[in-house]
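Understanding the architecture of this molecule
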Amino acid sequence: MVENRYRLCSIVLFVGLVLFSLCSIGDYGMSWDESFRFEGGDSKLAYYEELLSGGEPDIQSSSYPGLFDLPLAIVHNQFSDWGTRSQKGHVWSLCFGLVGLLSVWRLTARIGGERAGFWALLLLATLPRYYGHMFFNPKDMPLAATYTLGVWALVELFSRLPRPDWKPAICIGLAAGLAMSCRIAGFLILCYFGLFIFLFLAAKHGVAVARGNPFGVRELFVDLGVWTFRGVVAGLVALGVLLVFWPTLHMNPFTSAGNALETVQSYGWGGRVLMDGYFWEAMDLPIYYIPYWLIFTLPESVQLLFVTAIVFGFLRFVAYARAGVWPPAAVVLSRLVPVFATLFPLAYLLYADPTLYDGMRHYLFILPPMACVCALALEWLIRWAHRSGKRYLSFALPFGVGVAVLFVVADMVALHPYQYVYFNRTSGGLPAAYMRDETDYWGLSHQEAAEWLNQYVEAIDPAGGRVFKVHQRYTRWMLQEALDPNRFEMWQSREGADFFVSITRFNLHSSYPEAKLLHVVERQGVPLCFIYTLSDEDPK
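Please read all numbers here as calculations on a predicted model, not as lab measurements.

What follows is about the packing of aromatic side chains. Here the structure, examined in full by the defined rule, presents 41 aromatic pairs. Relative to phenylalanine 135, the ring of tyrosine 28 lies with its centre 4.1 Å away and its plane at 5°, an arrangement referred to as stacked. On the criterion of sequence distance, the pair formed by tyrosine 28 in the loop between helix H1 (2–24) and helix H2 (34–52) and phenylalanine 135 in the loop between helix H6 (128–133) and helix H7 (140–158) is long-range, its members being 107 residues apart. Note on tryptophan 32 and tyrosine 474: the rings are 5.5 Å apart at their centroids and 25° apart in plane angle, and the pair reads as stacked. Of this pair, tryptophan 32 sits in the loop between H1 and H2 while tyrosine 474 sits in the loop between strand S3 (468–471) and helix H19 (477–482), placing them 442 residues apart in sequence. Residue classification places tyrosine 474 among the buried positions, given a relative accessible area of 8%. Three or more aromatic residues link up through ring pairs in this structure, and these residues are Tyr147, Phe158, Tyr192, Phe196, Phe340, Phe344, Tyr363 and Phe365. One Lys or Arg, arginine 129, reaches over the ring of phenylalanine 423 and ends 5.0 Å from the middle of that ring. Positioned above the aromatic ring of tryptophan 227, the side-chain terminus of arginine 230 is 4.9 Å from the ring centre.

At a minimum axis separation of 8 Å, helix H14 (residues 329–352) and helix H15 (residues 367–387) run at an interaxial angle of 135°. As far as their axial angle goes, H15 and H14 are oblique. Crossing of H14 over H15 shows left-handed handedness. Between H14 and H15, the contacting residues are Pro338, Val339, Ala341 and Thr342 on the first element and Pro369, Met370, Cys372 and Val373 on the second.

Turning to unusual backbone geometry, a few remarks are in order. Cis geometry marks the peptide bond from leucine 161 to proline 162; its omega dihedral reads 10°. Within the fold, proline 162 resides in the loop between H7 and helix H8 (166–180). Here the amide bond leading from histidine 416 into proline 417 is cis, since omega sits at 0°, within 30 degrees of zero. As for its position among the elements, proline 417 is in the loop between helix H16 (391–415) and helix H17 (429–433). For phenylalanine 506, which is not glycine, the phi dihedral falls at a positive 60°.

It is worth spelling out the layout of surface pockets at this point. Considered as a void within the structure, the largest pocket measures approximately 1,600 Å³ in volume. Around the largest pocket, the lining comprises 43 residues; the ones closest to its centre are Tyr320, Val331, Val332, Leu333 and Arg335. Of all the secondary-structure elements, those providing two or more residues to the lining of the largest pocket are helix H4 (85–112), helix H9 (188–210), helix H13 (300–323), H14 and H15. When residues of the lining of the largest pocket are assigned to their parent elements, the largest contribution, 11 residues, is made by H14. Classifying every residue of the lining of the largest pocket by side-chain character gives 32 nonpolar, four polar and seven charged.

Attention now goes to the environment of alanine 319. Relative to the helices and strands, alanine 319 is located in helix H13. We classify alanine 319 as partly exposed; its relative accessible area is 40%. Taking C-alpha positions, alanine 319 is 41 Å from serine 181, a pair spaced 138 residues apart along the chain.

On inspection of all chains with the given rule, the structure shows 26 salt bridges. Residue arginine 523 is joined to glutamate 448 by a salt bridge in which the shortest nitrogen-to-oxygen separation is 3.0 Å. One end of the pair, arginine 523, is in strand S6 (residues 516–523); the other, glutamate 448, is in helix H18 (residues 446–460), with 75 residues separating them in the sequence. Since its relative accessible area comes to 15%, arginine 523 is described here as buried. Note on glutamate 448: relative accessible area 26%, which makes it partly exposed. Close ionic contact of arginine 494 with glutamate 514 constitutes a salt bridge, the shortest N to O distance being 2.8 Å. Of the two residues, arginine 494 is situated in the loop between strand S4 (488–491) and strand S5 (499–503) and glutamate 514 in the loop between S5 and S6; the sequence distance between them amounts to 20 residues.

So, about the nonpolar core. Of all hydrophobic cores here, the largest spans 149 residues; its most connected members are Leu101, Tyr130, Phe158, Phe193, Ile290 and Leu367. It is H7 that provides the largest number of residues to this core, a total of 11 residues. Once residues lying within four places of it in the same chain are set aside, the contact partners of tyrosine 130 are Phe96, Gly97, Gly100, Leu101, Leu124, Met141, Ala144, Leu364, Leu367 and Pro368.

This next bit is on H1. Helix length check: H1, at 23 residues, gives a terminal C-alpha distance of 33 Å against a target of 33 Å (1.5 Å per residue), a fit within 8%. Three or more residues of H1 are buried, namely Ser10, Leu13, Phe14, Leu17, Ser21 and Ser24.

Turning next to the pairing of strand S2 (residues 278–281). In this structure, strand S1 (residues 272–275) lies alongside S2, joined through four bridges in antiparallel fashion. Note on S2: the bridge partner recorded for methionine 275 is tyrosine 278. As consecutive antiparallel partners, S1 and S2 are separated by two residues, and within that stretch aspartate 276 has a phi angle of approximately 60°, a positive value.

Calculation notes
- Residues numbered from 1 in each chain as written.
- Predicted model: local features only at pLDDT ≥ 70, side-chain atom pairs only at ≥ 80, totals over all residues.
- Heavy atoms only, no water.
- Phe/Tyr/Trp six-rings, centres within 6.5 Å; stacked < 30°, edge-to-face > 60°.
- Helix = DSSP H or I, 4+ residues; strand = E, 2+ residues; numbered from the N terminus.
- Buried < 20%, exposed > 50% of the residue type's maximum accessible area, 1.4 Å probe, protein only.
- Lys NZ or Arg CZ within 6 Å of the ring centre and 35° of its normal.
- Axes fitted to C-alpha atoms, helices over the stretch in contact; angles between N-to-C directions.
- Parallel < 35°, antiparallel > 145°, perpendicular 65-115°, else oblique.
- Left-handed = near helix turned anticlockwise from the far one by under 90°.
- Contact = heavy atoms within 4.5 Å.
- 1 Å grid on protein atoms, 1.4 Å probe; cavity = no way out; pocket = protein on both sides within 12 Å on 5 of 7 lines; lining within 4 Å.
- Points joined across faces, edges and corners; volume = space filled by probe spheres on them.
- Nonpolar A, V, L, I, M, F, W, Y, C, P; charged D, E, K, R; others polar.
- Salt bridge = Lys/Arg side-chain N within 4 Å of Asp/Glu carboxyl O.
- Core = buried A, V, L, I, M, F, W, Y, C linked by side-chain atoms within 4.5 Å.
- Expected span 1.5 Å × (residues − 1).
- Pairing = 2+ DSSP bridges.

Following this line, the structure appears as structure tokens:
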């Protein structure tokens with residue numbers, strides 16, 4: 001009865017999220033990297049058009065696979081009149097975000113029941129950094145969604161041990177292929193598969209020997225053969241998917257994949273990153289860069305639940321080890337997968353020290369499994385309260401988390417459509433982050449600035465006889481996307497320009513102290529984008 005009620009609540013919540021997202025998606029402006037992904041999609045589409053026509057296509061060298069880019073290019077090519085490519089890209093990005101929500105809901109329900117699944121869905125949907133990126137991020141959101149899909153497939157397999165059927169292994173291959181078709185880091189899904197199968201077999205045969213049973217060499221080789229074959233099948237399925245979306249592999253799969261992995265690990269972005277009030281070189285960031293962003297941008301309730309899960313999970317692990325009595329492998333491994341999928345990438349960060357920038361977006365993919373772990377911690381606490389006879393606590397715990405979620409939702413509403421610039425209250429919120437940390441680093445607020453400029457020039461020049469020149473000191477397509485092309489042209493030089501528009505990144509909004517401020521796009525009293533007049537004459 002309780003399970004059915006929470007399943008219904010989850011369905012209502014998910015459908016509500018879909019409907020609200022579709023209604024509000026037009027509020028999100030074009031982001032910095034979208035144009036690059038458009039070019040990547042066009043290149044891959046041209047490759048296939050030439051290949052399928054019997055010609056010799058140009059050799060592909062992109063280090064970015066095309067699960068996001070290629071389908072978007074095909075749709076835009078066939079339905080060019082259905083809005084701009086950016087608008088189509090936002091819908092496609094939203095699809096990935098919803099897949100991530102669906103996956104975390106079902107994988108958590110598979111482990112902890114429908115109540116845990118409901119809380120996982122709610123917690124992830126109210127992580128402002130995840131929710132905000134759903135609408136525009138062409139790089140990190142697809143990986144986050146497909147990575148979570150892979151974690152779900154792993155949980156399905158390990159929850160059916162010791163002898164699962166073939167379906168979960170094939171699903172792991174599909175999920176890993178899709179994840180790698182977003183970014184090569186999706187290969188982690190296959191690595192997790194191999195690692196946990198190794199742990200399962202080591203525990204299975206090690207426990208048998210510890211109990212005094214003779215070492216079963218034949219049984220060991222049978223198990224190794226069965227699981228190796230399943231791993232090979234999963235790997236081949238993943239490779240088959242990846243080959244479709246990454247033409248770079250067609251010439252030499254292993255060399256191309258190795259080169260891409262090396263490029264990603266040592267990507268030499270030479271920009272500066274604002275963090276903790278200082279501009280750091282992206283290639284020389286402190287080791288605590290990602291932890292800093294997680295602590296400052298995750299809601300406090302999520303942080304508390306995650307720490308609770310890790311602490312009590314470790315204590316339970318120690319208790320099992322001391323007693324020498326363990327739950328079935330299906331129970332242990334299925335719970336360990338989302339924990340490992342969250343913590344391992346962070347541990348790898350400490351080891352590899354890769355080039356990072358733009359806040360925590362490169363680690364967006366750990367948020368769904370983190371939400372799963374948090375929901376399982378809440379479920380465990382509720383069950384513990386029931387077993388202990390503390391019924392008041394079993395009601396107080398979800399009530400307290402629910403109240404914390406409402407506070408976050410209030411901030412998300414106030415920030416709309418810039419939820420991705422959220423900072424938690426412990427950090428001082430967005431007002432404290434202004435000029436201390438990166439805020440609208442992807443330039444979404446250009447759309448709102450452009451809409452204001454469109455209205456402004458209509459008011460000062462209703463006859464429409466003048467074309468105004470707009471100057472920017474960085475990439476111009478985010479603003480140009482929303483400007484009226486009949487009233488504006490982008491202008492390279494400051495001289496002769498009528499307006500200067502800038503977000504706060506790299507302090508470029510301070511480039512011309514003599515300029516007169518016309519308007520500021522802001523949220524919670526914090527400026528995100530500035531509009532100045534550069535003309536000495538009255539624009540009217």
